[in-house]
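Fold and contact review
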Amino acid sequence: MFTYDVAIIGAGAGGLNTAMEAISMGKKVVLVDKYKPGGECTWAGCIPSKALIQLADEIHAAKKYANIEVDGKQIMSKVRQLIEKAHQAEAVEQLQAAGIEYIQGDAKINDQHSIRVAHETITAEKIVIATGSRALIPSIKGINQVNYLTNENVFQLEDLPNNLIVVGGGPIGVELTQAFQRLGVQVKLVEMADRILFREEKGLAQQLQGTLEEEGVQLYTSAKALEVKQANCTTTLTIDRNDVLEHIEAEQILFALGRKPNIKKIGLDDLGIRYTNKGIEVNEYNETSVRNIYAVGDVVGPYLFSHMAGFQAKQAMRHAFLEMHTPIEQHPAWCTFTHPELARTGMTENEAREKFQDKFNVYTVSYSELDRAVVDQKTTGEAKIICDQDGFIIGASILGERACELLGELQLMKTFHIPFHKLKDTIHPYPSYSEILTQLSNAAVE
Ligand SMILES: Cc1cc2nc3c(=O)[nH]c(=O)nc-3n(C[C@H](O)[C@H](O)[C@H](O)COP(=O)(O)OP(=O)(O)OC[C@H]3O[C@@H](n4cnc5c(N)ncnc54)[C@H](O)[C@@H]3O)c2cc1C
Ligand SMILES: NC(=O)c1ccc[n+]([C@@H]2O[C@H](COP(=O)([O-])OP(=O)(O)OC[C@H]3O[C@@H](n4cnc5c(N)ncnc54)[C@H](O)[C@@H]3O)[C@@H](O)[C@H]2O)c1
């Protein structure tokens, strides 16, 4: 007999969701983490970044009507207070109250039914690996001789720098660039691709790039970071732009160049659990190559989001304990929380073209056609819906005010296979942003 039904390594979004899912099934659960529960999302990811973005947004709005002086120390301290506040919902006492046993320690898989934490062996019918990921540090010249920021230490800054180089125009780089710029930091954003957020709908990412530039961000696209140096409180980054070398300077430098899965020293090789440098390999139920051992979240990928970790946790626990024989259909969705937000589900237009050639329909409406956006002075943006020839949504991207919330309705239709034209017969309040969806559906082919 095993002591627990499930032992989980890592108490971030993946581990916490796994634990709650298993508890809801009446299972005996032990959750282990090196630190306090919460993982990246709480301590160095979603929560602090969204707190900083909100504070920056309020200041940006206030600056339209008054001369505002930003107290950098107060801003950074407020971000940390909000982290602590959000953490309360997943604090050890809360987990224990829910029936989860929490152990703080460094865990390693021992065999198919046990893990080791310090000198203790814990047995469980199922094991879940939810060890997450960490910032990828580039192997550029000089990197080991300089102090640099990543998402892991940037929210611990005591004060705002005067200026900052952000390397990487993915979601982390772009969200933080705009927030710091709005707080009065002069930001220089360096991106290797020819535009920011290169995986997103091209035209919408370009509009967002225009907004960043209007707000004063200095953008260096098609620019590869090559070398970094530090002297007298100044960091110098050498970039290669179309074979021309440039040197840019700032007080601080932040790297946001993607993630590396935490797969080392957790016993994968000893048990023959298969993995690549992108993460642990799993089947459609999130079971690894070794039976009874599952893996969820950033350590698996490919979508590195808290809600995807939560989805995988559900998939894994249903398979582990409810003998589910069909995986839950997966419709990944996400949002980059800039202003305006850029939200997405399914394919971009280019992806649809690759798969369906010209056999699909695209519907677009600009925010400037929406009364609510006009009166709110939030007319930047556009919604784009892509439907297959049968009228079902295969992709949607929205750049604009409240895009993330608007995506929910489309996500529901996409997930439950409701033809897009059906939306036009539904009533949406006036004047609301949600009318953009009914406007789009008016044009949809039945
Ligand atoms: C700046 C930033 C902003 C983000 N914003 C968003 C957002 O707005 N929305 C969104 O959905 N996602 C966002 N993300 C992504 C999100 O944070 C991750 O997808 C999510 O945290 C992954 O959860 P996880 O449980 O897989 O891993 P993690 O949260 O990294 O948790 C892994 C845990 O495992 C523990 N651990 C590792 N090894 C061991 C071991 N051997 N023994 C014991 N414990 C161990 C770690 O201490 C950690 O607590 C953001 C990320 C960053 C960096
Ligand atoms: N709102 C959200 O949900 C949210 C927010 C932040 C992060 N995240 C998650 O975190 C993950 C990681 O985000 P990220 O922004 O670190 O990674 P990313 O891989 O999305 O972006 C990294 C960027 O750095 C660029 N780059 C790489 N090497 C470079 C170099 N030498 N010089 C210049 N540019 C270079 C790449 O071209 C790329 O655009 C995301 O995939 C996402 O899943 C989610």
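Sequence order as written defines residue numbering, which begins from 1 separately in each chain. As they are written, the chains are lettered A onward and the ligands numbered 1 onward, keeping that order. Restriction of local features to residues with pLDDT of at least 70 applies here, the model being predicted, together with a cutoff of 80 or more for giving and counting side-chain atom pairs; totals for whole chains, interfaces and linings are based on all residues.

Quick word on helix H7 (residues 171-182)
For the record, the criterion: The way it works is that DSSP assigns letters per residue, a run of H or I at least four long becomes a helix, a run of E at least two long becomes a strand, and they are numbered from the N terminus. Helix span is expected to be 1.5 Å times the residue number reduced by one. Three exposure classes are used, based on other C-beta atoms lying within 10 Å of a residue's own C-beta, which is placed from the backbone: buried for 20 or more, exposed for 12 or fewer, and partly exposed in between.
Counted at 1.5 Å a residue, the expected span for H7 with its twelve residues is 16 Å, and the 17 Å between its end C-alpha atoms agrees. Judged by how many residues are buried, H7 sits mostly within the fold: twelve of twelve residues are covered. Pro 171, Ile 172, Gly 173, Val 174, Glu 175, Leu 176, Thr 177, Gln 178, Ala 179, Phe 180, Gln 181 and Arg 182 are the residues of H7 that are buried.

So, the confidence of the model for the chain
Test applied: Scored from 0 to 100, pLDDT records how confident the predictor is in each individual residue.
Here the chain shows a mean pLDDT of 97. Residues at 70 or above account for 100%. Reported confidence for the predicted complex is 0.98 by ipTM and 0.97 by pTM.

Focus: the site of ligand 1
Definition in use: The C-beta atom of each residue is placed using the backbone, and any residue whose C-beta lies within 6 Å of a molecule or strand is treated as near it.
Not every one of the 37 residues close to ligand 1 is listed here, only the nearest: Gly 10, Gly 12, Gly 39, Gly 132 and Gly 297. Listing elements by their share of the shell around ligand 1, those giving two or more residues are helix H1 (13-24), strand E2 (29-33), helix H2 (39-44), helix H3 (46-63) and helix H10 (306-322).

Examining the site of ligand 2
Put simply, the test is: For this classification, the nonpolar set comprises Ala, Val, Leu, Ile, Met, Phe, Trp, Tyr, Cys and Pro, the charged set comprises Asp, Glu, Lys and Arg, and every other residue, Gly included, is treated as polar.
Around ligand 2, the structure places 26 residues, and the nearest of them are Gly 168, Gly 170, Met 192, Gly 258 and Leu 304. Listed by contribution, the elements that provide at least two residues to the shell around ligand 2 are H7, strand E11 (223-231) and strand E19 (333-336). No other element matches the four residues that H7 contributes to the shell around ligand 2. Broken down by class, the residue content of the shell around ligand 2 amounts to 16 nonpolar, six polar and four charged.

Side note on the sheet that holds E19
Adjacent strands of a sheet pair through backbone hydrogen bonds, lying either parallel or antiparallel. Applicable threshold: When DSSP finds at least two bridges between two strands, those strands are taken to pair. Orientation is described by lines fitted to C-alpha atoms, with helices fitted over the stretch in contact, and by angles between N-to-C directions that extend from 0 to 180 degrees. By definition, residues are in contact whenever their C-beta atoms, placed on the basis of the backbone, come within 7 Å of each other.
Read from one edge of the open sheet, five strands run E19-E20-E23-E22-E21, paired in antiparallel fashion. Each having just a single partner strand, E19 and strand E21 (360-366) make up the two edges of the open sheet. Averaged over all pairs of adjacent strands, the angle between strand axes in this sheet comes to 10 degrees, irrespective of strand direction. Against the sheet, helix H14 (residues 435-442) contacts E21 and strand E22 (382-388), and its axis sits at roughly 140 degrees relative to E21.

Quick word on the nonpolar core
The cut-off we apply is this: A set of buried residues drawn from Ala, Val, Leu, Ile, Met, Phe, Trp, Tyr and Cys, joined through C-beta atoms within 7 Å, is what defines a nonpolar core.
If you look at the biggest cluster of nonpolar residues, it comprises 121 residues, and the most contacted ones within it are Ile 8, Ile 129, Val 166 and Val 190. Residue contributions to this core peak at seven residues, all from H10. Dropping the residues within four chain positions of it, Ile 129 is found in contact with Ile 9, Ile 266, Ile 280, Ile 293, Ala 295 and Val 299.

Here we look at the environment of Thr 415
Within the secondary structure, Thr 415 is located in helix H13 (residues 403-415). The class for Thr 415 is partly exposed, based on 15 C-beta atoms found within 10 Å. The spatial distance from the C-alpha of Thr 415 to the C-alpha of Ile 394 is 9.8 Å, given a sequence separation of 21 residues. Apart from the residues within four sequence positions on either side, Thr 415 is in contact with Glu 329 and His 331.

Things to note about the UniProt feature "binding site: NAD(+)" (unreviewed entry) in the chain
Convention followed: UniProt positions are given in the numbering used here, feature names are shortened, and annotations may be inferred rather than shown by experiment.
Look at the UniProt record and you will see "binding site: NAD(+)" (unreviewed entry) annotated at Gly 168, Gly 169, Gly 170, Pro 171, Ile 172, Gly 173, Val 174, Glu 175, Glu 191 and Gly 258. A maximum C-alpha distance of 13.8 Å among these annotated residues, which run over 91 residues, shows that they cluster at one spot. Secondary-structure assignment places Gly 169 in the loop between strand E8 (163-167) and H7. In this structure Gly 169 comes out as buried when scored by C-beta crowding, with 27 C-beta atoms within 10 Å. Each residue touching Gly 169, except ones within four places of it in the same chain, is listed here: Val 174, Leu 189, Glu 191, Ala 193, Ile 196 and Leu 197. Along the chain, the position of Glu 191 falls in the loop between strand E9 (186-190) and helix H8 (202-214).

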